[in-house]
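Letter by letter, the chains look like this.
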Amino acid sequence: MKTKKMKTHTLQLANIFIVCALCSLFFAPGTSTAQVINPIIWLRAGDYAANATHWHAWPDTSKYALAMPGGTGPSLALMNYNNALRIDGSFAGFDQTIDKIRNVATIYYVYHPDTALTENLLWQLRLNQDKKIQLTSKRLNQVWGHVDFLDSLSTGPRLSSTFIGWSPVPADSLGVSLRFAGSDSLKMSGNIAELVVFDKRLHGFDDMVWQTYLALKYGITLYHADYVCSNGDTLWRYAENKDFCYNIAGIGRDTILGLNQNLSGSFDDILSIGTATQKEVSGHNPSRIKAQDFLIWASNGKDLLPVNTPGLEDTNVNAVLERAWRVQPSSNTARNIHTQLFLDGSNIPAQELNKCVLLIDPSGIGDFAQPGIHYIYPDSVDADQKIYYPIIRWDKDKSGYDVFTFAFLVNDSITPVLPPPILPGNGKSAAGNIIDENISLTSKGNTYRVYPNPSKGNYRLDIQCDQPTAVKVEVFDLSGRLYQSYTGEGSDEYLFSKHIATPGFYQLRITTSSQNETLQLVIQ
């Protein structure tokens, strides 16, 4: 009876972990000084060469999984900007010999099936000729029977986390091995990205560290769970972010687990965030992520519909999305990461893409009609209708997090419409006057941004410098007359809110200790 009870418990554990394929159990780790437990098998798609017969493990490259003959071998694919292996449904799978294993195992497996309807082989642990433990997308087949379950109906990537235990069985001459990504009798159709196997049960801190690593790397949300770095730092607390617990993603660097995620997005969201390129910060490259630093963000899960919002400070827009996002740096140094934001504009009319405004609320309240909201216009739009917003630093006021969303100009039917063009792409205003600069300028590590532009009178000048410096701003009209002047001292960041009453075209000449730059401003 004791053995039977243990087996039943094991079945229940396996069933819980797989039914909640995108979830993690919740623990409260606090801070841990324990070392991360090392796996006995660790295979990453980034270490596999296309059409190779061997998939070498990491970091011990003397271990490898052997590609079995039969069918078409894997090709290379991507999953959240990381390498994955494309399995076409005919491949016979990989086989990994296991030298030693106890009577328990914890297996993490990241995959992306082509469809939720077809049964796919995930992995099969061979104990001997007659005893096998097999996990598919529909059931767990164990030595003593099987458990049926419904895998997630999501069409996105999944993180499968399984703990299994079994009674000792005699070994045969072939030994213990793990077959995965297909077999002779059951195939796999989709992508696989990473396989991690331990010869013990992982729980608490260690389980959370490995699930955090895999979830952030491949854009998979852990529901009702904390995100924990390998050094013991809690990156994202579910209890403090219950209103923002969807589409969780992040960039960061975990040197212990070899993670260096510079660009990321949740697989079912409309945006990605990445570090600014070296070119965009003029060689200073402050966007380099320091070890164990992270930026984590998540949405409130609401609809992607613009809602009329009275009182917005920028009169070029009058509605914001219901969906909003919270972004949270893990440390003071993480606040210094310069980022770009990429928005999927495929559902926005092409002529309106450059009027989609990023709104950032530094207070974290999410009231985008209040004073102090930062308005950031697109820097560019590519051929795939991806909208780019550089260069952004998050939580500059050190309040803990920012909340952001997007704003549009909509008519009564809540359909985005484009205002009359003021600064078309040929470099001329509607009146035919030459305009050299539109909204922002990046030079020698400093970023200058004036918005809204054009404006009804009120405008803001946002200045971010690579080091503290005095700043002087002089505003001239077209005749060269000095219209207004203002200064700032002792900071590397300035946000000036000003007003110009007379419509026309103005030059903002900005002087710092290292350079002089000019922006153009249109007052309607």
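Keep in mind that this is a model prediction, so the values were computed, not measured.

1. What about the overall build of the protein?
A tally of helices and strands in the protein yields two helices and 36 strands. Here the protein, with 524 residues, has 54% of them falling under the buried criterion. Considering only residue pairs separated by 6 or more positions, the protein has 68% of its internal contacts joining residues 24 or more positions apart. Total accessible area computed for the protein in this model is approximately 22500 Å², and 51% of it derives from carbon and sulfur atoms.

2. What to know about the packing of aromatic side chains
A full pass over the atoms with the stated rule returns 22 aromatic pairs. Their ring planes at 80 degrees and their centres at 5.7 Å tell us that W325 and F406 sit as a pair that is edge-to-face. You can see W325 sitting in strand 24 (residues 325–329) and its partner F406 sitting in strand 30 (residues 402–408), a full 81 residues away along the chain. Taken as a pair, W325 and F406 share a single burial class, namely buried. Centre to centre, the rings of F404 and F406 are 6.2 Å apart; their planes meet at 90 degrees, and the pair counts as edge-to-face. The side chain of R44 reaches across the aromatic face of W58, ending 3.9 Å from its centre. Here R326 stacks its cationic end above the ring of Y401, 4.0 Å away from the centre of that ring.

3. Some remarks on helix 2 (residues 204–218)
For helix 2, with 15 residues, the first-to-last C-alpha span of 21 Å sits near the 21 Å given by 1.5 Å per residue. The element helix 2 is largely enclosed, with a buried count of 15 among its 15 residues. Immediately downstream of helix 2, the backbone of G219 shows phi near 70 degrees, a positive value.

4. Considering the pairing of strand 13 (residues 176–180)
Along strand 13, five of the five residues are buried, which leaves the element largely enclosed by surrounding structure. Burial along strand 13 is two-sided: the face carrying V176, L178 and F180 and the face carrying S177 and R179 are both buried. When strand 6 (residues 94–98) meets strand 13, the two strands line up antiparallel, connected through five bridges. When the sheet's bridge partners are listed, F94 is paired in strand 13 with F180. Across four bridges, the pairing between strand 8 (residues 121–126) and strand 13 is antiparallel. Its bridge partner being in strand 13, Q124 is matched across the sheet by R179.

5. Observations concerning the pattern of salt bridges
Taken as a whole, this structure holds twelve salt bridges when the rule is applied. A salt bridge links R335 to D395; its shortest N-O distance comes to 2.6 Å. Here R335 is found in the loop between strand 24 and strand 25 (339–344), whereas its partner D395 is found in the loop between strand 29 (386–392) and strand 30, with 60 residues between them in sequence. The two residues R335 and D395 agree in class, both being buried.

6. Concerning the pairing of strand 25
For strand 25, the buried fraction is high: five of the six residues fall into the buried class. When strand 20 (residues 271–275) meets strand 25, the two strands line up antiparallel, connected through five bridges. Its bridge partner lying in strand 25, I273 is registered against L341. As paired strands, strand 25 and strand 29 are joined by five bridges and run antiparallel to one another. Considered in strand 29, the bridge of T339 is made with I392.

7. A look at the nonpolar core
Buried together is how nonpolar side chains tend to be arranged in soluble globular proteins. By size, the foremost hydrophobic cluster in this structure holds 49 residues, and its most contacted members are Y108, V110, W210, Y227, L359, F368 and Y375. For this core, the element with the highest residue contribution is helix 2, accounting for nine residues. L359 has contacts with L312, V320, F368, I373, H374, Y375, V403, F404, T405 and A407, leaving out every residue within four places of it along the chain.

8. Some details on the sheet that holds strand 28 (residues 380–381)
Spatial strand order, 19-20-25-29-28: five strands in an open sheet with antiparallel pairing. The sheet is open, and its two borders are formed by strand 19 (263–264) and strand 28, each paired with just one other strand. Here strand 28 runs beside strand 29; their pairing, made up of two bridges, is antiparallel. Along strand 29, the bridge assignment pairs V381 with I387.

9. Looking at unusual backbone geometry
Along the chain, W58 connects to P59 via a cis peptide bond; the corresponding omega equals 0 degrees. Along the chain, P59 turns up in the loop between strand 2 (54–56) and strand 3 (64–67). One non-glycine residue, Q385, lies in the positive phi region at around 65 degrees. Within the fold, Q385 resides in the loop between strand 28 and strand 29.

10. Topic: the side chain of E194
Relative to the elements of secondary structure, E194 occurs in strand 14 (residues 189–198). Relative accessible area serves as the criterion here: at 2%, E194 is assigned to the buried category. In this structure the side chain of E194 is engaged in a polar contact, spanning 2.7 Å, whose partner is the side chain of W42. In this structure, E194 is in contact with W42, L43, R44, Y108, Y109, V110, Y213, L214, K217 and Y218, ignoring residues within four places of it in sequence.

11. Examining the environment of S160
Mapping S160 onto the fold places it in strand 12 (residues 158–165). Linking S160 and I107, residues 53 residues apart in sequence, is a C-alpha distance of 7.8 Å.

12. A short note on the confidence of the model for the protein
On average, residues of the protein carry a pLDDT of 81, and 82% of them reach 70 or more. Put simply, helix 1 (residues 2–19) is where the protein has its lowest mean pLDDT, 32, and strand 24 is where it has its highest, 98. Taken as a whole, residues 1–34 scores under 50 in pLDDT and shows 68 contacts with residues more than four places along the chain or in a different chain.

What counts as what
Residues numbered from 1 in each chain as written. Predicted model: local features only at pLDDT ≥ 70, side-chain atom pairs only at ≥ 80, totals over all residues. Heavy atoms only, no water. Helix = DSSP H or I, 4+ residues; strand = E, 2+ residues; numbered from the N terminus. Buried < 20%, exposed > 50% of the residue type's maximum accessible area, 1.4 Å probe, protein only. Contact = heavy atoms within 4.5 Å. Areas by Shrake-Rupley, 256 points an atom, 1.4 Å probe, with all protein chains shown as cover. Phe/Tyr/Trp six-rings, centres within 6.5 Å; stacked < 30°, edge-to-face > 60°. Lys NZ or Arg CZ within 6 Å of the ring centre and 35° of its normal. Expected span 1.5 Å × (residues − 1). Pairing = 2+ DSSP bridges. Salt bridge = Lys/Arg side-chain N within 4 Å of Asp/Glu carboxyl O. Core = buried A, V, L, I, M, F, W, Y, C linked by side-chain atoms within 4.5 Å. Polar contact = N/O pair within 3.5 Å; in protein donor to acceptor, adjacent residues only side chain to side chain. pLDDT = per-residue confidence, 0-100.

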